[in-house]
Amino acid sequence: MKISIERGTLLKAVGQAQSVVERRNTIPILANVLIEADGDTVTFRATDLDIEVVDKVPAMIERAGSTTVSAVTLHEIVRKLPDGALVALSDDGTAGRLTVEAGRSNFSLATLPKEDFPVMASSEYSSNFAAPAPVLRRLFDKSKFAISTEETRYYLNGVYMHVADAEGGKVLRCVATDGHRLARIDADLPDGAAEMPGVIVPRKTVGELRKLLDDDDTTIAVSVSETKVRFATPEITLTSKVIDGTFPDYTRVIPQNNTRKLELDAAEFAKAVDRVATVSSERSRAVKLSLDEDRLVLSVNAPDAGAAEEELAVAYGDERLEIGFNAKYLLEIASQVDRENAVFMFNSSGDPTLMREGNDPSAVYVVMPMRV
Amino acid sequence: MPPRPLNDGLMPSLCRECLHVYGDGSRCPQCRSPRIIAHPELLDLSIAHMDCDAFYASVEKRDNPELVDKPVIIGGGRRGVVSTACYIARIKGVRSAMPMFQALRLCPEAVVIKPRGSVYTEVSRQIRAMMDEMTPIVEPLSLDEAFMDLSGTAKLHGAPPAVMLARLVKRMQDELGLTGSIGLSHNKFLAKIASDLDKPRGFSVIGKAETADFLRDKPVRMIWGVGTAAQAGLDRAGIHTFADLLRWDKTDLQARFGSMGTRLYHLARGEDRRRVSARTPIKSISNETTFFEDTASVDLLDGHLWRLAEKVTDRAKARDLAGRVVVLKLKRANHSLISRRVSLREPTQMADRLYRTARGLLDQVGNEGPYRLIGVGLSELTPAGKADLTPDLLDPNAAKRDRAERASDAIREKFGKDAIRKGRSLR
C-alpha cells in the first residue's frame, strides 16, 4: 500500500478512529485502525466491538493495499504535523511496518495483520430514514446530560430513541434519565421512521454521533434494528450495538398535574444559582428556592462553609413555596433553554418538578427536589 | 510516690508484684518477688501496647472454672475458623484464623465455644475504662488490644508510665481475672512488637539504644500489615530480615513498593512517626457471614443479603452515619474472593437501598457460586444529614419504603430487634 493524503483530512479520520478505540484493552488489534486503500478512496475503520466507525476519504493512491496500525499513535503523529502537510503512508506488505512520511519527518510504526481485525457483522435494519443533522443534534444534545452513569442500571446508560404519541401526532422522541432528572425531547417524525423499534443508544455512541452532526446541511441516514443502530453521512458510517435492556416507563414519572407556575429568564437564573452555590463545597450542593408573589430567593446554607442568598424578579402568582434542588441539576436543565423563558411547574416540595421552554411541549425536563 | 532518683550506674528496675521501683537486683528488695523488669530506659519510654492474653478464651475460663485446665477454642460452628485458642490448645498447634476442622484434628479434646460477643464487649469496656484513667490517648485496635500514649502523665500519676502499665495488668488480673501483655517502647511499631515478645503475662521493653540491634535479624513479616502477599513481594526482592531492608535506598524501595516502600524504609530504622490517636474515624461499616454449607441458591443469598444490609445500616444509624459506596463481597468454595463496589449518587443509611444496590451487584456477578461467604458494606462514610436527600424519580415507592423502615426502626428500638422483621429475612 502506498498513499498520499492531506494532513487535515487524515487528522479528522484518524481522530474519529482513535476516540472509538478502547484505550485500555487486552486485545491488541482493538487499539488499531484498519486502513484500506482502493481506487481513489482510503477507508479508516475502528471498533471497540460495540461501536464501529468507518470513514471514507479521498486520497492519491499509488499502490492499493491495507494494514492496521495503532490509532492513538497515528493520531498523535498526524496532530503534530504542520498544517497543510501532505502525508505519505506506505508499507511493503511484508516487514510489518507502516512508514509515515511528511516533509522531513519519517516514522515507522508496528502493524498487525488486517485479517485479525474484527469487522462488525452486517445486519438487517428494519427501519431506514433520513434526518437533517440539526434535528438529531437537538434531540441528543438536549437529552444527553441526563444519561445515567450507574452501572447497576445499565438500561439508563443511554438515550432512548423511539417513536411516541404526542399531542400533534407521532413524533421521534429521545428520553434520558438517571432517576434524579429526566429529559424528553421530541422532533417531527421523519418519513419512514414510523415503524422504528425503540432503541437505547449508548452514551459513547451519542458522543461519537455528535461529531457527524456539526454541519447544518448534512442529512443523516439512520438505520435501526432491534440490536443495532447506524448513522451515516456520505463519508462516515457509525454503527453501534444498542443497550440490551428495557427502558423504564418514563411517562408515569412526568408530572401532569403540577399547577404552580414560575416563569423566569433561564440565563439570569443559571448565573444566580451558580453564584450562590459557590459557598458550598459538598459534592451535591443544595440550593433552596423560596417563592413568593413575583419574587424568588435562592439560598445556600452550608454550615461548615458559609451561606449565600440572592433575589430574582420572576413571574410567580401562587402560594408561598420552599423547595430544594441539587444546584448542578438546576444548572444543567436551565442551560437547555435557548430561546424563551424557562417555565417551571411545581406541585409540592417533595414532588417532581417539570420545566419547559416557554409553552413548547417538544422539550420537557423533570427534576427531583432534594430535602433541604 | 514520685520515682526515687536512681544512683548512677544502676539499672532501673520495677517489681511487677508490688510496683516498687529500685536500682539493680534480680529480686525485688521490698517483696522478694522475682517478677521484675529491668531496663536502662524503663523510666523514659511512654508509648505502650496492651494485648490481652487469649482474650475470649480467658473470659470463658474465668466464667466457667471447669474449663480452666481444658483446651478451649472459641469459634463459630463446624465450618468456622478459630477466633481464639487458649494457651493449652495452642500447645497442640491450634492458632487463630485456622479452620475449625483442622484445629479439631490437632486437638480433638478441645472444648469449642461459640463466641459471646456482648460479654466480650462488656469486659473490653471495663478494661478500656482502666486505660482511660491512665491517659486520654487510648487507641483501641480491637476488643482486646490498644495503644496508649502515656507521655507527660508521670507528674499526674506520681509514677512513670512503666509503673502505671504494670499496675494496669495487675488490676486486670485482680479485678477482672484476666491477664494481658505489655509492650513499652518509643513508637507504636515497636510497642506492638514488644507486647508479643513474651506472652502471656509479658512485659517487654524496647529502648531507643537497642532498637537497631533488636531489629537486625528479625523477619520483616513482623511488621504489622505485611501479610502473605506483601511478604511474597519482599521475598522476590530478597528482603527477609530488617538487615536486608537496611541495604535498600529509600528511592529504590519507593520505586518497588510505592507508599509502603517509604514506610518500610523508616520501619527498618525503627522509626514510626504515627501518633497514638484516640479517635480513628471509621472508614467503613460491613458485616459478613460464612454459611453452614456452601450455597449457590439465589434465594438463600438474598435472605443473607437482607439480614446483613439491616445489620450494617443498624450500625450506621446508631452512629448517625451514611455511606456513598456499597461493597459486596463473596467468597467461593475455593476461598477465592469476588468483590464488587458501586458509588451511589448520594450517601444512604437505609437498609432497603443498601440491600437493593447489593442485590444489583450480586446479579451482576452472575452464577459464579457456590459461595461459602457473603458480606455487605458501606464506605466513604458521611454524616447522616447528607444522606437520602433526593428521592428516585423511577422508584416512586422508595419514599414509602423509607417511611416504613423508619417506623419499624422505631418499633425495634422500643420492643427489641426482632419485634418486627421482613419476611425476606426469614429466607
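Above this text sits the structure in question.
We now turn to the structure provided with this report. Per chain, residue numbering runs from 1 following the sequence as it is written. Labels follow written order: the first chain is A, the first ligand is 1, and so on. Only residues with pLDDT of at least 70 get local features here, since the model is predicted, and only at 80 or more are side-chain atom pairs given and counted; chain-wide, interface and lining totals rely on the full set of residues. Only hydrogens and water are removed before side-chain values are computed, so all heavy atoms of the structure are retained for them.

### Here's the deal with the overall build of chain B
For chain B, the count of helices and strands is 15 helices and 15 strands. For each residue, the accessible area found with a 1.4 Å probe, counting protein chains only, is set against the maximum for its type, and the residue is called buried under 20%, exposed over 50%, and partly exposed in between. The buried share of chain B, taken over its 427 residues, is 48%. Counted over contacts in chain B with a minimum sequence separation of 6, partners at least 24 positions apart contribute 62%. Computed with a 1.4 Å probe, the accessible areas rest on the Shrake-Rupley method; for each residue, only the protein chains presented here act as cover. Only carbon and sulfur atoms are counted for the fraction: they give 51% of the accessible area of chain B, which is about 21,300 Å². Numbering of helices and strands starts at the N terminus; helices are DSSP runs of H or I of at least 4 residues and strands are runs of E of at least 2. Residue contacts are defined here by distance: any two heavy atoms, one from each residue, within 4.5 Å place the two residues in contact.

### Thoughts on the interface of chain A and chain B
Listed as interface residues are 24 residues of chain A and, on the opposing side, 16 residues of chain B. Across the chain A/chain B interface, buried area totals approximately 1,900 Å², and carbon plus sulfur atoms make up 56% of it. Its salt-bridge partner being Asp178 of chain A, residue Arg345 of chain B comes within 2.1 Å of it at the nearest N-O pair. Put simply, Ala, Val, Leu, Ile, Met, Phe, Trp, Tyr, Cys and Pro go in the nonpolar bin, Asp, Glu, Lys and Arg in the charged bin, and everything else, Gly too, in the polar bin. Residue classes in the side of chain A that touches chain B are distributed as 10 nonpolar, four polar and 10 charged. For any pair of parts, buried area is found by adding up, for both, the accessible area (1.4 Å probe) each one loses once the two are put together. Put simply, a salt bridge is a Lys or Arg side-chain nitrogen that is within 4 Å of an Asp or Glu carboxyl oxygen.

### Remarks on the pattern of salt bridges
Residues and elements named next belong to chain B. Taken as a whole, this structure holds 62 salt bridges over all chains when the rule is applied. Residue Asp388 pairs with Arg353 through a salt bridge whose shortest N-O separation is 2.3 Å. With a gap of 35 residues between them, Asp388 in the loop between strand 15 (371–383) and helix 15 (398–415) and Arg353 in helix 14 (residues 351–365) connect regions that are remote in the sequence. By relative accessible area, which is 11% here, Asp388 ends up buried. Among the salt bridges present, the one from Asp363 reaches Arg359, with a minimum N-O distance of 3.1 Å.

### Notes on the packing of helix 1 (residues 55–63) of chain B against helix 4 (residues 117–134) of chain B
Residues and elements named next belong to chain B. Whenever a helix is involved, its axis is fitted only over the stretch in contact; in every case the axis is a line through C-alpha atoms, and angles between N-to-C directions fall within 0 to 180 degrees. Packing of helix 1 against helix 4 leaves a shortest axis separation of 11 Å and a crossing angle of 100 degrees. When the interaxial angle is binned, helix 1 and helix 4 end up roughly perpendicular. Touching Phe55, Tyr56, Val59, Glu60, Arg62 and Asp63 of helix 1 are Val119, Tyr120, Val123, Ser124 and Ile127, all from helix 4. In terms of residue class, the contact of helix 1 with helix 4 is made up of seven nonpolar, one polar and three charged. Oblique is the label for any angle not under 35 degrees, not over 145, and not in the 65 to 115 range, which are roughly parallel, roughly antiparallel and roughly perpendicular in turn.

### A closer look at the nonpolar core
We define a nonpolar core as any set of buried Ala, Val, Leu, Ile, Met, Phe, Trp, Tyr and Cys residues linked to one another through side-chain atoms lying within 4.5 Å. If you look at the biggest cluster of nonpolar residues, it comprises 100 residues, and the most contacted ones within it are Phe140, Met161, Phe231 and Phe269 of chain A. Counting residues per element, this core draws most heavily on helix 5 (residues 266–277) of chain A, which supplies seven residues. Those residues in contact with Phe231 of chain A that sit more than four places away from it in its chain are Leu136, Phe140, Met161, Leu209, Leu212, Ile220, Ala221, Val222, Ile236, Thr237 and Leu238 of chain A. Judged by nonpolar contacts, the second largest core, of 53 residues, contains Val82, Ala146, Met148 and Phe203 of chain B.

### Re the side chain of Arg16 of chain B
Residues and elements named next belong to chain B. By the secondary structure assignment, Arg16 is in the loop between strand 1 (12–15) and strand 2 (21–23). Charge counting treats Lys and Arg as positive and Asp and Glu as negative, with His and both chain ends excluded. For Arg16, which is buried and forms no salt bridge, the nearest opposite charge comes from Asp198, at a distance of 5.3 Å. Here Arg201 takes part through its backbone oxygen, which lies 2.9 Å from a polar atom of the side chain of Arg16. Not counting residues within four places of it along the chain, the set of residues in contact with Arg16 comprises Arg35, Ile37, Lys170, Arg201, Gly202 and Phe203. N or O atoms closer than or at 3.5 Å make up a polar contact, with two conditions inside protein: a donor-capable atom paired with an acceptor-capable one, and, for residues adjacent in sequence, both atoms drawn from side chains.

### With respect to helix 13 (residues 298–318) of chain B
A helix is expected to span 1.5 Å multiplied by its residue count minus one. With 21 residues, helix 13 of chain B extends 30 Å from end C-alpha to end C-alpha; this agrees with the ideal 30 Å at 1.5 Å per step. Positive backbone phi, at 60 degrees, marks Asp320 of chain B, one or two positions downstream of helix 13 of chain B.

### Focus: unusual backbone geometry
All names here are of chain B. Cis geometry is found at the peptide bond from Lys199 to Pro200, where omega equals -15 degrees. Assignment of secondary structure puts Pro200 in the loop between helix 7 (188–195) and strand 11 (203–205). Look at the link from Gly369 to Pro370: it is a cis peptide, with omega at 0 degrees. By secondary structure assignment, the location of Pro370 is in the loop between helix 14 and strand 15. Positive phi, normally seen in glycine, also occurs at Asp320, with a value near 60 degrees. Mapping Asp320 onto the fold places it in the loop between helix 13 and strand 13 (321–332). Here Asp320 falls in the exposed class, since its relative accessible area comes to 52%. Unlike most non-glycine residues, Glu380 shows phi in positive territory, near 50 degrees.

### Here we look at the sheet that holds strand 19 (residues 286–292) of chain A
All names here are of chain A. Pairing is antiparallel across the open sheet formed by four strands, whose spatial order is 21-20-19-23. Of all strands in the sheet, those bounded by a partner on one side alone are strand 21 (306–313) and strand 23 (321–326). Pairwise comparison of adjacent strand axes, ignoring direction, gives a mean angle of 20 degrees for this sheet. Note that strand 20 (residues 295–302) and strand 21 share eight bridges and pair antiparallel. Across the sheet, the residue bridging to Arg295 is Ala313, located in strand 21. Across the sheet, helix 6 (residues 327–334) lies against strand 19 and strand 23, angled at about 90 degrees from strand 23, the strand it touches most. We treat two strands as partners when DSSP finds at least two bridges between them.

### Considering the packing of aromatic side chains
Only centres within 6.5 Å qualify two rings of Phe, Tyr or Trp (six-membered ring in Trp) as a pair; their planes then separate them into stacked at under 30 degrees, edge-to-face at over 60, and tilted for everything else. A complete count under the given rule lists 13 aromatic pairs over all chains for this structure. Relative to Phe242 of chain B, the ring of Phe189 of chain B has its centre 6.1 Å away and its plane inclined at 45 degrees; by these criteria the two rings are tilted. Taken together, the residues Phe189 of chain B in helix 7 and Phe242 of chain B in helix 10 (residues 242–246) connect sequence positions 53 residues apart. According to the relative accessible area criterion, Phe242 of chain B is buried, its value standing at 0%. Grouping aromatic residues by their ring pairs yields a cluster made of Phe269, Phe325, Phe344 and Phe346 of chain A.

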